[in-house]
Amino acid sequence: MIRPRMLPLVLKYIVRHQARTLLTLGGIASAMFLFCAVQAMRDGVAEATQETADETTLVVYRENRFCPFTSELPEDYGRKIAAIPGVAEVSPMRIVVNNCRAALDVVTYRGVTEASLRSMDLMLPEGSIDDWTRRNDAALVGVRLAERRGLKVGDRLSAAGVTVTIAGILTSTNPQDQNVAYVHLDFLQRAAGNKQGIVTQFNVRVADSTQLDAVAAAIDEVFSNAQAPTWTSSEKAFVSRAIVDIVRLTSFAGWLGIGSLVAVFALVANAISLSVRDRIKDHAIMQTIGYPEHLIARLVVAESLILSLLGGVLGLSLAVLVSWFGSFTISVEGVSIVVQADIATILAGMAICAAIGASAGLLPALRAARMSTAEAFRAV
Amino acid sequence: MRRLPLDYAIRNLGRSMGRLAALLVGNALVISLIIAATAFVEGMRSSMSPQDASNNVIVLATGSEESIERSEVPGTTPGILTASVPGILEIGGTPFVSPEILSALIVRASPDSKEDLRAIVRGVTPGAFLVHDRVEITAGREPRAGSNEMLAGELAHEKLGVPAAALAPGQSLWFDGVEWTVSGNFRAPGTTMSGELWTSLTDLQVATKRDGLSCVVLRLGSAEFADIDAFTKTRVDLELSAITEADYYADLLRFYRPIRIMIWVTALLIATAGVLGGLNTLYSAFAARVREIGTLQSLGFSRRAIVLSLMQESLLVAMSSVLIALVLCRLALDGVAVSLTMGIFQLSVDSVAAFAAVFTGFALGVLGAIPPAWRCLRLSIPEALKAA
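Residues numbered from 1 in each chain as written. Chains lettered and ligands numbered in written order. Predicted model: local features only at pLDDT ≥ 70, side-chain atom pairs only at ≥ 80, totals over all residues. Heavy atoms only, no water.

1. Things to note about the overall build of chain A
Phase 1 of the analysis: Scanning chain A from N- to C-terminus turns up 14 helices and 14 strands.
Phase 2 of the analysis: In terms of overall size, chain A is more extended than a compact globule, its C-alpha atoms giving a radius of gyration of 29 Å where 380 residues would be expected to give roughly 21 Å.
Phase 3 of the analysis: With respect to the principal axes defined by its C-alpha atoms, chain A has extents near 90 × 45 × 30 Å.
Phase 4 of the analysis: Here chain A holds 380 residues, and the buried ones make up 55% of them.
Phase 5 of the analysis: Sequence-distant contacts, at least 24 apart, represent 79% of the contacts inside chain A between residues at least 6 apart.
Phase 6 of the analysis: As displayed, chain A offers around 15800 Å² of accessible surface, 60% of which is attributable to carbon and sulfur atoms. (Helix = DSSP H or I, 4+ residues; strand = E, 2+ residues; numbered from the N terminus. Rg over C-alpha atoms; globule rule 2.2 N^0.38 Å. Buried < 20%, exposed > 50% of the residue type's maximum accessible area, 1.4 Å probe, protein only. Contact = heavy atoms within 4.5 Å. Areas by Shrake-Rupley, 256 points an atom, 1.4 Å probe, with all protein chains shown as cover.)

Take a look at the structure:
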């Protein structure tokens, strides 16, 4: 766009009006911070709900219920489900949350059997499954829950009337595992409401991903006339249904994200227009000593681009820091949405800043380039 | 101090209509965001504020103090409570005791519909109308036991995502393949109940195949909270806990604190971008008038009088923006329903939001004018007069 030797000139323009530059950078940083936060939330929702072709997990829930408090299925359904052709594994699960409402600090207990826990794809940077099996009140907590509550191995966690001892911290590629506490199924059944033999749901692994719908239909068929009929869906579809209000909130937040980008455009365009207006004399002199019109235009666009990118870097870095240290997770009905700005969000943000910077500077650049030398001197 | 006339400030505003429009729109946007955030927070707060004079106590299962929906208490609890604790309010021999079930259920608009409508259903007895005296039936009548009838709150259609007419008296909903008829509508201002469907306690127990209760709400007469609390602590076999209705909603409001903070941070971030952009515009507007300001000083107007006049200009724009923003928000946002999984509330553009708008406008007007005015006035008169 411009030769490197012209760069000091552009930087001089930027630092010449320090107050204006700082105000503009502050504004862009605020807007890009918000954009990044909104984008991280949208990414979290997409990650938790987008179905893939190789999905093999089904969730069996009580029909016509939502919120784990109301879904109660007999634990012995597990045997009948395991006998259905195509089912590879059945994990009964009791879920207890301190609140079913959407919030940022929900504790979700998942009561599972030892066999189910060992079959999960979990990594344990601290503690071990053996430690978990040794204590009846032991819990393996997700890394985000541990960070948010400042938990370490050996600590006690109390929520929803249930107190557990931390036996390990777990990480997983599944966003649902990062904000839960895995406890012993029989312990949770007794500790939360004396519900021996009752589970909230079954997580079913299907041998062949192409058979997912057929197996789901077969499970529901088996229990269609039972005391507690079931509703079976893929894990992602189950999460989509649970977070319907958050999806609505996210689409509204999407508008806020677009609003932030409009604000960035307006801020950069305003600052560059003011800057060009202040430099009419400079441009007149530059034209007199032989600077071509297109070079003047490119200098203005470069200034706009640099300003926009600087503000973007500031806002995006701040957003990344806050999201990493805040460990934000939106939970509802026992399912979680991890809100974390990743490298893709930052790169997308920088690309958008560059595009906005270049386009916002275009009109003032054209105006500056098209002004004749005489006109420019007269305007001074 | 010799002051500049107000006319001077007003006439100056008309110098550049483009700049005036940009400032008006920018300020109105910032103030609208503050109003929207206040309306959200106020709406949420007012829906979780039990009556000032309320003397209600909620008895629920130990460990479920954060959420009635999770609680399960024995069906015999109301009888044991009234027999064991004297001093519960009574009128004409009827105790103010309401056994209730609160359940999250999926209902359907027609028997063959595949669309899930997520409803919060409360199973009640006539005692509910004694303890929840903000509830007022606006159409039809209360649900009768054994008839599979429902009383729909005024915001229930918003919660379910159906037209209001779908929950008018006489309309039907289906749950577990069984038809339920809407017997009437109710309103319950200042509570979270407006988004609920109320039905007979026994009908809901049959439909959901449960014999226990979620909670028992009672109103204190001569008894004190400590009496109920002592009862729950004495009867450990029942695994009960007591909490005043005011404390329950205060805890609920505290639970939503991070969401309220998130709303404020979002509004403040956009507002910051708007304010900084506005300051940029004011800087340039005032900087272009350095010579004029020098002339005013040479005519004998003090710096303070000039700052006051510049502030008048800025305040006139800001307060006009306040008016624009308040009218727009009142028309577009007031009463809009916001659904939050287990509840619903309405945005409230009330006197608190209006105060927040005026305060923000005043701050924008005063603080927005001072830094650029200071920058223009720090020049000496000869320097200002010579300025381009």
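2. Structural notes on the overall build of chain B
Phase 1 of the analysis: Tallying secondary structure elements over chain B gives 13 helices and 14 strands in all.
Phase 2 of the analysis: Taking 21 Å as the expected radius of gyration for a compact globule of 388 residues, we find that chain B reaches 29 Å, considerably beyond that expectation.
Phase 3 of the analysis: Considering only C-alpha atoms, chain B reaches an extent of 90 × 50 × 35 Å along its principal axes.
Phase 4 of the analysis: The 388 residues of chain B split such that 54% are buried.

3. Quick look at the interface of chain B and chain A
Phase 1 of the analysis: Contacts between the two partners involve 46 residues from chain B and, on the opposite side, 47 residues from chain A.
Phase 2 of the analysis: Counting the surface lost from both chain B and chain A, the interface buries some 4000 Å², and carbon and sulfur atoms represent 60% of this.
Phase 3 of the analysis: Summed over the shared surface of chain B and chain A, the result is 2 salt bridges.
Phase 4 of the analysis: Linking Glu 72 of chain B and Lys 195 of chain A is a salt bridge whose minimum nitrogen-to-oxygen distance equals 3.1 Å.
Phase 5 of the analysis: Linking chain B with chain A are 10 residue pairs in polar contact (both at pLDDT 80 or more).
Phase 6 of the analysis: Within the residue set of the side of chain B that touches chain A, elements represented by two or more residues are β4 (97-107), β5 (117-124), α6 (201-208), α8 (245-255) and α9 (257-287) of chain B.
Phase 7 of the analysis: Ranked by residue count, the leading element in the side of chain B that touches chain A is α9 of chain B, at 15 residues.
Phase 8 of the analysis: A per-class count over the side of chain B that touches chain A returns 22 nonpolar, 12 polar and 12 charged. (Buried area = accessible area lost by both parts, 1.4 Å probe. Salt bridge = Lys/Arg side-chain N within 4 Å of Asp/Glu carboxyl O. Polar contact = N/O pair within 3.5 Å; in protein donor to acceptor, adjacent residues only side chain to side chain. Nonpolar A, V, L, I, M, F, W, Y, C, P; charged D, E, K, R; others polar.)

4. Brief notes about the side chain of Ser 336 of chain A
All names here are of chain A.
Phase 1 of the analysis: Position of Ser 336 relative to the elements: it lies in strand β14 (residues 335-339).
Phase 2 of the analysis: By relative accessible area, Ser 336 is classed as buried at 0%.
Phase 3 of the analysis: Polar contacts involving the side chain of Ser 336 include one to the side chain of Asn 179, which spans 3.3 Å.
Phase 4 of the analysis: Residue contacts for Ser 336: discarding those within four places in its chain leaves Ala 48, Gln 176, Asn 179, Thr 329, Ile 330 and Ser 331.

5. Concerning the pattern of salt bridges
When the charged atoms of two side chains with opposite charge come close together, those side chains can pair.
Phase 1 of the analysis: All told, the structure shown has 27 salt bridges over all chains when counted by the stated rule.
Phase 2 of the analysis: When the shortest N-O distance is used, the salt bridge between Glu 114 of chain A and Arg 118 of chain A registers 2.9 Å. With Glu 114 of chain A and Arg 118 of chain A both in helix α4 (residues 114-119) and 4 residues apart, this pair spans about one turn of that helix.
Phase 3 of the analysis: Judged by relative accessible area, which is 37%, Glu 114 of chain A ranks as partly exposed.
Phase 4 of the analysis: Put simply, Arg 122 of chain B and Glu 196 of chain B hold a salt bridge, and the shortest N to O gap is 2.7 Å. On the criterion of sequence distance, the pair formed by Arg 122 of chain B in strand β5 and Glu 196 of chain B in the loop between β9 (178-187) and β10 (197-200) is long-range, its members being 74 residues apart. Accessibility classification places Arg 122 of chain B together with Glu 196 of chain B in one group, the buried group.
Phase 5 of the analysis: Ionic contacts of the salt-bridge type, sharing partners, join the residues Glu 72 and Lys 195 of chain A together with Glu 72 of chain B into one network.

6. Thoughts on the packing of helix α10 (residues 290-298) of chain B against helix α11 (residues 303-332) of chain B
Residue and element names in this part refer to chain B.
Phase 1 of the analysis: Two numbers describe how α10 lies on α11: the axes approach to 10 Å, and their chain directions differ by 135 degrees. Comparing their axes, α11 and α10 come out oblique. Crossing handedness for the pair α10 and α11: right-handed. Contact residues: Ile 293, Leu 296 and Gln 297 in α10; Arg 303, Ile 306 and Leu 310 in α11.
Phase 2 of the analysis: Residues belonging to the contact of α10 with α11 are distributed by class as follows: 4 nonpolar, 1 polar and 1 charged. (Axes fitted to C-alpha atoms, helices over the stretch in contact; angles between N-to-C directions. Parallel < 35°, antiparallel > 145°, perpendicular 65-115°, else oblique. Left-handed = near helix turned anticlockwise from the far one by under 90°.)

7. A word on the environment of Asp 220 of chain A
Residue and element names in this part refer to chain A.
Phase 1 of the analysis: Here Asp 220 is to be found in helix α8 (residues 212-222).
Phase 2 of the analysis: Spatially, the C-alpha atom of Asp 220 lies 23 Å from that of Lys 195, the residues being 25 residues apart in sequence.
Phase 3 of the analysis: A polar contact is formed between the side chain of Asp 220 and the side chain of Thr 230, at a distance of 2.9 Å.

8. Quick notes on the domain arrangement of chain B
All names here are of chain B.
Phase 1 of the analysis: Taken domain by domain, chain B comprises domain 1 (6-48 + 256-385) and domain 2 (51-254).
Phase 2 of the analysis: Distance from the C-alpha centre of domain 1 to the C-alpha centre of domain 2: 45 Å.
Phase 3 of the analysis: Both faces considered, domain 1 and domain 2 share a buried interface measuring about 1400 Å² in area, 63% of it formed by carbon and sulfur atoms.
Phase 4 of the analysis: Put simply, domain 1 and domain 2 have 7 residue pairs in polar contact (both at pLDDT 80 or more) between them.
Phase 5 of the analysis: Going through the elements one at a time, α2 (17-47), α9, β13 (337-339) and β14 (344-346) are the ones with two or more residues in the side of domain 1 that touches domain 2. (Domains from an automatic or database assignment.)

9. A short note on the pairing of strand β4 (residues 108-112) of chain A
Residues and elements named next belong to chain A.
Phase 1 of the analysis: Across the 5 residues of β4, 5 count as buried, placing the element largely inside the fold.
Phase 2 of the analysis: Neither face of β4 is left uncovered, since the one carrying Thr 108, Arg 110 and Val 112 and the one carrying Tyr 109 and Gly 111 both have all their residues buried.
Phase 3 of the analysis: Alignment of strand β3 (residues 87-97) against β4, held across 4 bridges, turns out to be antiparallel. Looking at the pairing, Val 97 lines up with Thr 108 of β4.
Phase 4 of the analysis: By the bridge criterion, 5 bridges tie β4 to strand β9 (residues 180-184) in an arrangement that is parallel. Note that in β9 the partner of Tyr 109 across the bridge is Ala 181. (Pairing = 2+ DSSP bridges.)

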